[in-house]
Every structure is written in structure tokens, then in C-alpha cells.
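Analysis of the macromolecular model
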Amino acid sequence: MWRKMLKQESEHQWLAISAFFIFIIIGAIFIRGTGQLPGVDLTESELGNDHRILNSLYLEQDESIMLAFINGNYQLFAISGNQATELTGVQSEYDVSKVSDLELLTNKSALIVNGDDDVLLYSQGKIMNFTTSYGNNDFSVSSIEQSSNQPENYLMITTEIDNQQSIRGLNTTGITSTNTPTNENVVWEDLQHVGDDKWIATGKYNPPANTGTESPAAPDIKPAWATIIWNGGVVAPTIDSLHIGGYGEYHAVLILDNHNTILAGSHETILFDHVSGDVENIEYTSVAAVSDKSNTAWLFNGKGSKSVMKLNGNDREVESLPHDIPIDIETIGFDGITIFMHGTNDEGQSKVLSFDTSAIGSIESGSGFINLAFIVVSMIMFGIMAINIFDKLKR
């Protein structure tokens with residue numbers, strides 16, 4: 001029977017079989033190739049190769065604020081389209097070299113904070129002072145975060161008149177809360193509103209010297225984070241819980257959904273459910289992270305890495321980049337469509353690694369289309385082969 005089935009019916013029989021196997025091999029190559037993220041590109045910096053970008057904030061497409069370093073000087077720029085306007089001279093005494101926070105507001109304006117001078121508000125191409133103290137309070141602000149559901153409320157990391165760090169609330173209708181003294185061994189650096197009256201603060205923890213667990217010459221600094229409660233009134237914010245990490249730092253706090261928040265770290269990553277209080281460690285580290293408009297978090301590794309972790313809800317996936325990350329990433333931003341990572345290459349030139357999130361799932365990615373085409377064509381060919389075998393057995 002097998003000899004009968006293998007008997008050559010035409011001179012094209014083996015040619016057709018060979019073409020089928022070639023189709024399978026080529027299809028596998030294409031599917032493997034489209035398994036990498038599309039839309040990744042290395043381009044020139046918006047300010048040129050000689051401007052090292054240290055901090056960036058994208059207000060929307062083609063509009064951003066950037067802190068740059070060039071020829072030993074710090075400069076703050078507002079970029080609109082292809083036009084860059086230096087903001088350094090608007091407030092002649094403002095020290096842009098100390099800029100510690102650029103905060104995007106719900107109306108696409110931005111707050112500029114340097115931990116020393118007054119907070120500045122940048123809106124529609126103009127810059128002005130932003131009031132943070134209603135009353136006789138004397139303090140400076142190193143970080144500020146707007147509430148996502150009550151835009152008149154802000155939480156601030158402050159330095160008080162006695163040089164002690166604290167946390168205050170601000171309601172722009174005319175309320176500045178009393179201050180919350182913080183743990184003397186914790187230095188808070190960043191804030192994130194996560195829902196209702198709850199916020200997250202991240203920073204560094206330096207264990208007391210008398211613990212005997214470290215050398216005074218090389219302190220064992222650990223990452224720290226805390227949940228903070230503040231309802232918008234004059235009562236001081238409350239540090240609800242304090243958590244000390246193992247090593248490294250938390251460089252980003254990202255909102256995934258109404259429950260979950262990601263604390264992305266250089267040596268550990270945490271998934272925190274701020275409703276239930278559950279904490280989960282994720283086995284992935286990164287040097288830069290950002291969330292897009294669909295609340296998908298992207299965690300990027302350092303120079304030389306070829307992977308990125310994508311988190312959306314309960315879904316976690318490590319994606320492959322088309323090439324190794326060629327820069328040391330210093331700042332990351334998202335303009336509503338594209339993720340921008342600024343850094344320097346091996347030659348010390350300022351470059352931008354961009355990632356177009358709209359390319360995912362499109363025909364450009366090709367993966368879904370090629371997979372479907374491969375399955376359909378394979379089913380047709382197998383069907384024809386089955387019919388031919390059935391007819392041959394009948395004869």
C-alpha cells in the first residue's frame with residue numbers, strides 16, 4: 001500500500017512537496033522575526049548630540065520640557081515642535097541645576113521644582129510662580145504630586161526651616177497642611193497618588209550607625225517606600241506604613257489600574273495592591289520605566305540589554321527588542337503615543353531611543369497576520385493532501 005501511495009503520479013509531485021517544506025521554513029523564520037517589538041528606533045536628541053538630557057517631561061505630542069547639560073552649564077528648555085525656547089532666563093535667579101522634579105498637571109501644564117527656590121508653573125508657553133504656602137509657613141519643596149481625582153490637592157516633600165525633611169499637603173483653594181516629620185533615617189525623593197486619599201512615597205533608607213550592620217565609611221543604603229494618607233485638609237498627612245527594601249533604588253512608581261501599582265527598582269520590582277494591601281515581588285529589575293495611555297507598564301533594562309517587561313493587569317510578558325539598548329538611559333517619558341528614552345552612547349553623544357507603542361498589534365508588527373496566513377495556507381495544503389490520499393486509497 002505504501003509503495004502505491006508513494007508512486008509518482010506526476011513530474012511535479014516532489015517539487016510540490018519541496019515547495020511545501022520551504023514554505024514551512026520561511027514561515028517559521030518570519031514568525032520568529034516578528035516576535036520582536038516593532039517601532040523601536042535610535043534617533044538624534046531633540047536638542048542635538050551635544051546636549052545631555054538629564055530630565056524630561058512630555059506634556060503632549062511635540063511639546064515637552066527638558067533639563068539639559070552642555071559645556072558645563074545647565075539649561076531648561078520648553079520644546080514645541082522643532083522650536084526650543086530656553087526657560088533659564090525667565091526667572092534670572094532660579095537655579096535650574098537643582099531641578100529635582102517636573103510634574104505634569106491634568107491641564108497639560110507643568111510644575112518645576114528645585115528644592116530651593118519657589119515652585120514654578122509652566123503653562124501655554126509662560127512661566128510664573130506657583131503658591132505652595134498659605135500662611136506663615138517657611139519651607140522649600142523638593143517634590144510635588146497632584147491628586148489624580150481631586151486636581152486641587154497636592155502632596156509635597158518639603159524641607160522645613162530647621163533643615164528637617166517633612167511631608168505637607170496643599171489645597172490650592174487656600175490650604176497648606178501642617179507638616180509630618182519623617183523618619184530621620186529616610187530621605188524621601190518622589191511621590192505618586194494612587195487613589196482616593198492615598199499616596200506612595202519612595203526614597204532611601206540609611207540604617208542607624210549604632211545597629212552594627214554596616215561600616216560608617218560605606219553605609220548600606222536601602223530603598224524605602226511608604227503609603228501616606230491625606231484628605232485635603234489642614235491636618236498633617238499620615239505615614240500609614242513604611243517598607244524597607246533590600247538593595248538599590250526605586251526609580252519609578254506606575255499606576256496599572258484602580259488597584260495595582262508598580263514600584264520599579266534597580267534591584268527589585270514590587271506589585272502593590274493599594275486597596276487590599278497585598279505586596280508581591282516580581283523577578284525583574286530595570287533602570288527606567290513608564291506607563292502608557294492604556295495603563296500598560298514598560299520596564300526597560302540597562303545598556304546592552306535586549307529585553308523589556310510589559311505588565312498589563314495580571315498579564316506579564318518579557319518582550320524582545322530588535323537590538324541591544326545602545327545608550328545609558330538617564331530619563332524616560334511618554335507623549336501619548338511614543339516612549340522616549342534619553343541617554344548617551346559609547347561616544348558620549350546624546351541620543352534618543354524611541355518606542356512607538358501604536359505599532360504593537362498593527363500590521364507593522366506582522367506577527368498576528370503572518371501567524372493567521374501561515375495557519376490558513378497550511379490547512380489548505382494539508383486539506384488538499386488529505387483529499388489526494390483519500391482518492392488514492394479509493395483507487
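The numbers attached to residues start from 1 for each chain and follow its sequence in the written order. pLDDT decides what is reported in this predicted model: residues at 70 or higher carry local features, side-chain atom pairs at 80 or more are listed and counted, and totals for whole chains, interfaces and linings draw on all residues regardless. Here the side-chain values reflect all heavy atoms present in the structure, with hydrogen atoms and water set aside.

A few words now on the overall build of the protein chain. The secondary structure listing takes helices from DSSP runs of H or I that are at least 4 residues long and strands from runs of E that are at least 2 residues long, numbered from the N terminus. Along the backbone of the protein chain there are 3 helices and 29 strands. Remark: exposure states derive from per-residue accessible area (1.4 Å probe, protein chains only) relative to the maximum for the residue type, with buried under 20%, exposed over 50%, and partly exposed in between. Expressed as a percentage of its 395 residues, the buried residues of the protein chain come to 44%. Contacts are assigned to residue pairs that have any heavy atoms within 4.5 Å of one another. Contacts in the protein chain between residues at least 24 apart in sequence constitute 43% of all its contacts with a sequence separation of at least 6.

The geometry of an aromatic ring pair is captured by the separation of the ring centres together with the interplanar angle, meaning the angle of the planes. For this analysis, a ring pair means two rings from Phe, Tyr or Trp (six-membered ring only for Trp) whose centres lie within 6.5 Å, classed as stacked if their planes differ by under 30 degrees, edge-to-face if by over 60, and tilted for the remaining angles. Taken as a whole, this structure holds 5 aromatic pairs when the rule is applied. Aromatic pair Tyr58 and Phe340: ring centres 4.7 Å apart, planes at 15°, arrangement stacked. One end of the pair, Tyr58, is in strand β2 (residues 52–60); the other, Phe340, is in strand β28 (residues 338–344), and 282 residues separate them in sequence. Pair check on accessibility: Tyr58 and Phe340 agree, each one buried. For the ring pair Trp298 and Phe355, a centre distance of 4.9 Å and an interplane angle of 85° mean the geometry is edge-to-face. Note that Trp298 is positioned in strand β24 (residues 297–300) and Phe355 in strand β29 (residues 350–356), a separation of 57 residues in sequence.

A side-chain nitrogen of Lys or Arg and a carboxyl oxygen of Asp or Glu constitute a salt bridge if their distance falls within 4 Å. Under the criterion given, the structure shown has 8 salt bridges. The partner of Arg52 in a salt bridge is Glu330, with the nearest N and O atoms 2.6 Å apart. Here the residue Arg52 occupies a position in strand β2, and Glu330 occupies one in strand β27 (residues 328–334), the gap between them amounting to 278 residues. What makes Arg52 partly exposed here is its relative accessible area of 37%.

Within this analysis, patches are made of residues with over 30% relative accessible area and no salt bridge. Like charges are joined at 9 Å or less; nonpolar side chains (Val, Leu, Ile, Met, Phe, Trp, Tyr) at 5 Å or less. Only the protein chains shown count as cover for residues, and all accessible areas are computed by the Shrake-Rupley method using a 1.4 Å probe. Residues Val376, Ile380 and Ile384 make up a contiguous nonpolar surface patch of about 260 Å² in total accessible area. You can see Ile384 is positioned in helix α3 (residues 367–394).

Here the focus is the sheet that holds strand β9 (residues 126–129). A pair of strands is considered paired only if DSSP assigns at least 2 bridges between the two. What the 4 strands build is an open sheet, ordered β6-β7-β8-β9; its pairing is antiparallel. Of all strands in the sheet, those bounded by a partner on one side alone are β6 (101–104) and β9. Taken over all neighbouring pairs, the strand axes of this sheet differ in orientation by 25° on average, direction set aside. Where strand β8 (residues 120–123) meets β9, 4 bridges bridge the pair, whose relative direction is antiparallel. What sits directly across from Tyr122, in β9, is Ile127. Helix axes use the C-alpha atoms of the stretch in contact, all axes being lines fitted to C-alpha atoms, and the angles between their N-to-C directions lie in the range 0 to 180 degrees.

Right, let's get into unusual backbone geometry. Here Gln124, not a glycine, exhibits a phi torsion of approximately 50°, which is positive. Locating Gln124 in the fold gives a position in the loop between β8 and β9. Looking at Gln124, the relative accessible area reads 78%, which means it is exposed. In this structure, Asn163 is a non-glycine residue whose phi angle is positive, near 70°. Structurally, Asn163 can be placed in the loop between β11 (153–160) and β12 (165–171). A residue is classified by how much of its surface remains accessible, and Asn163, at 64% relative accessible area, is exposed.

Within the secondary structure, His274 is located in the loop between β21 (269–273) and β22 (279–282). Since its relative accessible area comes to 8%, His274 is described here as buried. A 3.5 Å cut-off defines polar contacts: any pair of N or O atoms within that distance qualifies, except that in protein one atom must be a possible hydrogen donor and the other a possible acceptor, and neighbouring residues in sequence count only when both atoms are side-chain atoms. One polar contact links the side chain of His274 to the main-chain carbonyl oxygen of Asn258, over a distance of 3.0 Å. From its side chain, His274 meets the backbone oxygen of His259 in a polar contact 2.8 Å long. Once you skip the residues sitting within four places of it in the chain, His274 turns out to touch Val194, Gly195, Lys198, Asp257, Asn258, His259, Asn260 and Thr261.

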